[in-house]
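A look at the structure
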Amino acid sequence: MWIFLFVLLEFKLKTRREILEARQQRWSGSSNARWTYLLLRKVDYKRMFGDFFLNQVFTSHDVFPYYQARPSRKHAQCPCRRFDGSIFHVLFECQKLAHLRQSWALNWQRKELKDLLKIEFFGHAFSDIVKELFIVAFPL
């Protein structure tokens, strides 16, 4: 009985490992979702983000003006009306959202976005910025 359970467990682990390796190869070789790939290079079963607004940062979808303008090929404009509405501009430069960056530590500018996302404070901060952008972009 124990041998059967051990063999079954070994089979499940081996299958899971093979699926993960195949997914990693597809993820690394794909030309799609390169923004997300820059932030999350390694395929992992353990990583899940339940925050809708933080997921917008990881995918650069939906709420960002740059993404919204892609299908129609229109010029993407940030709510501040100054720039293109890229994820970088919205998170780090947009003057309309500057009040949300006031509490940030002064040395944040020396770090890359992928490193800032590993810090819980910045995960919450980026989520708040996207939430505010969502309210501005899609008013009720």
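Structural notes, computed from the coordinates. Just so we're clear, the structure is a prediction, and the values are computed from it rather than from any experiment.

Take the pattern of salt bridges next. Tallied over the full model, the rule gives two salt bridges. Among the ionic pairs, Asp 115 bridges to Lys 118, the shortest N-O distance being 3.9 Å. Take Asp 115: its relative accessible area is 32%, and that puts it in the partly exposed class. On the accessibility criterion, Lys 118 (69% relative accessible area) is exposed.

What follows covers the nonpolar core. Of all hydrophobic cores here, the largest spans 27 residues; its most connected members are Val 57, Phe 64, Leu 91, Phe 92, Trp 104, Leu 117 and Phe 126. Of all the secondary-structure elements, those providing two or more residues to this core are helix H3 (52-59), helix H5 (87-93), helix H6 (113-116) and helix H7 (120-137). Beyond its immediate chain neighbours, meaning those up to four positions away, Phe 92 contacts Arg 101, Trp 104, Trp 108, Leu 113, Leu 116 and Phe 126.

The next point concerns the packing of aromatic side chains. Tallied over the full model, the rule gives seven aromatic pairs. On the basis of an interplanar angle of 50° and a centroid distance of 5.0 Å, the ring pair of Phe 88 and Phe 92 is categorised as tilted. Here the residue Phe 88 and the residue Phe 92 both occupy positions in helix H5, the gap between them amounting to four residues, near one helical turn. What makes Phe 88 partly exposed here is its relative accessible area of 47%. Judged by centre distance (6.3 Å) and plane angle (80°), the rings of Phe 92 and Trp 104 are edge-to-face. With Phe 92 in helix H5 and Trp 104 in the loop between H5 and H6, this residue pair connects regions lying 12 residues apart in the sequence. Exposure remark for Trp 104: the relative accessible area of 5% places this residue in the buried category.

Together, Trp 2, Phe 4, Leu 5, Leu 8 and Phe 11 give the surface a local cluster of nonpolar side chains, amounting to about 620 Å² of exposed area. When you line up the elements, Phe 4 lands in helix H1 (residues 2-29). The exposed category is assigned to Phe 4, whose relative accessible area is 55%.

Rules used in this analysis
- What you see as residue numbers is a count from 1 along each chain, following the sequence as written.
- Confidence filtering applies because this is a predicted model: local features only for residues at pLDDT of at least 70, side-chain atom pairs given and counted only at 80 or more, and all residues used for totals across whole chains, interfaces and linings.
- Side-chain measures were taken over the full set of non-hydrogen atoms in the model, leaving aside hydrogen atoms and water.
- Whenever Lys or Arg places a side-chain nitrogen within 4 Å of a carboxyl oxygen from Asp or Glu, that contact is recorded as a salt bridge.
- Whether a residue is buried, partly exposed or exposed follows from its accessible area with a 1.4 Å probe, protein chains only, as a fraction of its type maximum: under 20%, in between, or over 50%, in that order.
- As used here, the term nonpolar core means buried Ala, Val, Leu, Ile, Met, Phe, Trp, Tyr and Cys residues forming a set that is joined through side-chain atoms within 4.5 Å.
- Helix and strand definitions follow DSSP, with helices as H or I runs of at least four residues and strands as E runs of at least two, each counted in order from the N terminus.
- Throughout, a contact is declared for two residues whenever any of their heavy atoms are within 4.5 Å.
- When two rings of Phe, Tyr or Trp (its six-membered ring) have centres within 6.5 Å they constitute a pair, described as stacked for plane angles under 30 degrees, edge-to-face for angles over 60, and tilted for the intermediate range.
- Patches were defined on residues exceeding 30% relative accessible area and lacking a salt bridge, with like-charge contacts within 9 Å and nonpolar side-chain contacts (Val, Leu, Ile, Met, Phe, Trp, Tyr) within 5 Å.
- The Shrake-Rupley method, run with a 1.4 Å probe, gives the accessible areas here. Residue values count only the displayed protein chains as cover.

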